[in-house]
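Spelled out from the first residue to the last, the chains are:
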Amino acid sequence: MISDNELQGASVSVSSSGECVVIHESGDNVRLYDNLMRDCAVGIVTATSGGGARYIEVDGNTFRNMRLGIQNRGGGHADITNNIFIDVGLMWRNNSNNRSTVSTSDNRKER
């Protein structure tokens, strides 16, 4: 569980796409609650290597000032609920070609 943190300032480099949180190598039952993620390129991404994340829950977080909030590309399922996206280009992206799925409810976008 990742909860009650302020994650900020991850920048794009040769070895990073500027993500605040990366879930790697077959992560399962990863829960992200009540975090503030800001000033990065991407808030959360599930990696495709090692089978990817089978399940993540993203609830009650604030995403601020980024191009993409959540990218589910690892082949598993993501429940995305009760989050606030402020100055975020795209709230979430799902890689259905990799059999990833997303369920969403009660999220809101501002500005």
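### Side note on the environment of Ile80
Item 1. Turning to its location among the elements, Ile80 is positioned in strand S9 (residues 77–81).
Item 2. Its relative accessible area of 0% is what places Ile80 among the buried residues.
Item 3. In this structure the C-alpha to C-alpha distance between Ile80 and Ser105, which are 25 residues apart in sequence, comes to 6.7 Å.

### Points about the side chain of Ser100
Item 1. For Ser100, the position within the fold is in the loop between strand S10 (84–94) and strand S11 (101–105).
Item 2. Taking the relative accessible area as the measure of exposure, Ser100 reaches 4% and is therefore buried.

### Some points on unusual backbone geometry
Item 1. You will see that Asn82, though not glycine, has its phi angle at about 55 degrees, which is positive.
Item 2. Looking at the secondary structure, you find Asn82 in the loop between S9 and S10.
Item 3. Assessed through its relative accessible area of 40%, Asn82 is described here as partly exposed.
Item 4. The backbone phi angle of Asp106 is positive, close to 55 degrees, even though this residue is not glycine.
Item 5. By the element assignment, Asp106 lies in the loop between S11 and strand S12 (108–110).

### Overview of the sheet that holds strand S7 (residues 55–59)
Sheet strands pair by backbone hydrogen bonding; their relative direction is either parallel or antiparallel.
Item 1. Read across the sheet, five strands follow the order S1-S4-S7-S9-S11 without closing on themselves; strand pairing throughout is parallel. A strand with exactly one partner marks an edge of an open sheet, and here the two such strands are strand S1 (2–3) and S11.

### Focus: the packing of aromatic side chains
Item 1. Evaluation of the coordinates by the stated rule reveals two aromatic pairs.
Item 2. Where Phe63 meets Phe85, the ring centres are 4.8 Å apart and the plane angle is 5 degrees; that geometry is what we call stacked. In this pair, Phe63 sits in strand S8 (residues 62–72) while Phe85 sits in strand S10, placing the two residues 22 residues apart along the sequence.
Item 3. With a relative accessible area of 0%, Phe63 lands in the buried category.
Item 4. The interplanar angle of 65 degrees and the centroid separation of 6.0 Å between the aromatic rings of Phe85 and Trp92 together place this pair among those described as edge-to-face.
Item 5. Residue Trp92 is classed as partly exposed on the basis of its relative accessible area of 24%.

So, how was this worked out
Sequence positions are assigned chain by chain, starting from 1 and proceeding in written order. Thresholds applied to this predicted model are a pLDDT of at least 70 for local features of residues and 80 or more for the giving and counting of side-chain atom pairs; totals over whole chains, interfaces and linings are not thresholded and use all residues. Only heavy atoms go into the side-chain values, all of them from the structure, while hydrogens and water stay out. Strands here are runs of E lasting at least two residues and helices are runs of H or I lasting at least four, both read from the DSSP assignment and numbered beginning at the N terminus. The buried label applies to any residue whose accessible area, calculated with a 1.4 Å probe on protein chains only, is under 20% of its type's maximum; exposed applies above 50%, and partly exposed to all values in between. Pairing between two strands is assigned when DSSP locates at least 2 bridges connecting them. Within 6.5 Å between ring centres, the rings of Phe, Tyr and Trp (the latter by its six-membered ring) count as paired, and their orientation is classed by plane angle as stacked under 30 degrees, edge-to-face over 60, tilted in between.

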